[in-house]
Amino acid sequence: HTPGSSPHVVSSFTELESEDGATSALDWFETDSKKPCPMTCATRISAFDVDDIPDARGVKRIATAEDIERVGREDERPAEEYWIGFTNGAFVYTVNLFGPPGSVSEEQALEIASAYHHRLST
């Protein structure tokens, strides 16, 4: 397949020494996911609520073809991404759902993250 041409989901986890360490790491991951892309202004970044997972955070990043044409770089490709992060004990879990604009949604990301959290909690 061609990268960027179809939806993808990536999950990861980070083990820390304590629950407080996991919360601090989640804070850092969230802050990092809200930083602008280097050398471009085409990506719009916003937070969204993750109601089904305690203390979870969500960030949406989108750069449409119109955004890129207006304020982006020639080598950029349109993309939409939903990042969700949460802790479970001393672990931080993240889910990234991304693809071309319109091929992924906040609802899909929430569904995937909720299923992941549920599997970890049972």
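Whatever comes next refers back to the structure up there.
If you're wondering where the values come from, they're calculated on a predicted model, not measured in any experiment. (Residues numbered from 1 in each chain as written. Predicted model: local features only at pLDDT ≥ 70, side-chain atom pairs only at ≥ 80, totals over all residues. Heavy atoms only, no water.)

S.K.: I keep staring at unusual backbone geometry and nothing clicks. Help me out?
M.R.: Most peptide bonds take the trans form, and the phi angle of most residues other than glycine is negative. Even without a glycine there, the phi angle at Met39 is positive, about 65°. Looking at the element boundaries, Met39 is found in the loop between helix H1 (19–33) and strand S2 (44–48). Residue Asp55 is not a glycine yet carries a positive backbone phi of 60°. Along the chain, the position of Asp55 falls in the loop between S2 and strand S3 (57–63). (Helix = DSSP H or I, 4+ residues; strand = E, 2+ residues; numbered from the N terminus.)

S.K.: Just to check I follow, could you spell out the nonpolar core for this structure?
M.R.: In globular proteins that are soluble, nonpolar side chains generally tend to be buried together. Membership of the largest hydrophobic core comes to 14 residues, with the highest contact counts inside it found for Val50, Ile53, Ile84 and Phe86. The contact partners of Ile84, leaving out residues within four places of it in the chain, are Phe48, Val50, Arg57, Gly58, Tyr93, Thr94, Val95, Ala109, Leu110 and Ala113. Of all hydrophobic cores here, the second largest spans 6 residues; its members include Ala22, Val59, Trp83 and Val92. (Core = buried A, V, L, I, M, F, W, Y, C linked by side-chain atoms within 4.5 Å. Buried < 20%, exposed > 50% of the residue type's maximum accessible area, 1.4 Å probe, protein only. Contact = heavy atoms within 4.5 Å.)

S.K.: Just checking my understanding: could you explain the sheet that holds strand S5 (residues 91–99) for this structure?
M.R.: Hydrogen bonds between backbone atoms are what pair the strands of a sheet, whose relative direction is either parallel or antiparallel. Here 5 strands make up an open sheet; going across it, the order is S1-S5-S4-S3-S2 and the pairing antiparallel. The two strands at the open ends of the sheet, each matched to only one other strand, are strand S1 (8–15) and S2. Pairwise comparison of adjacent strand axes, ignoring direction, gives a mean angle of 15° for this sheet. Direction of pairing for S2 relative to S3: antiparallel, over a ladder of 5 bridges. From the neighbouring strand, Ile45 faces S3, where its bridge partner is Arg61. H1 rests against S1, S2, S3, strand S4 (79–88) and S5 of the sheet, and its axis sits at about 170° to S4. Contacts from helix H3 (residues 106–121) reach S1, S2, S4 and S5, with the element oriented near 25° to S4. (Pairing = 2+ DSSP bridges. Axes fitted to C-alpha atoms, helices over the stretch in contact; angles between N-to-C directions.)

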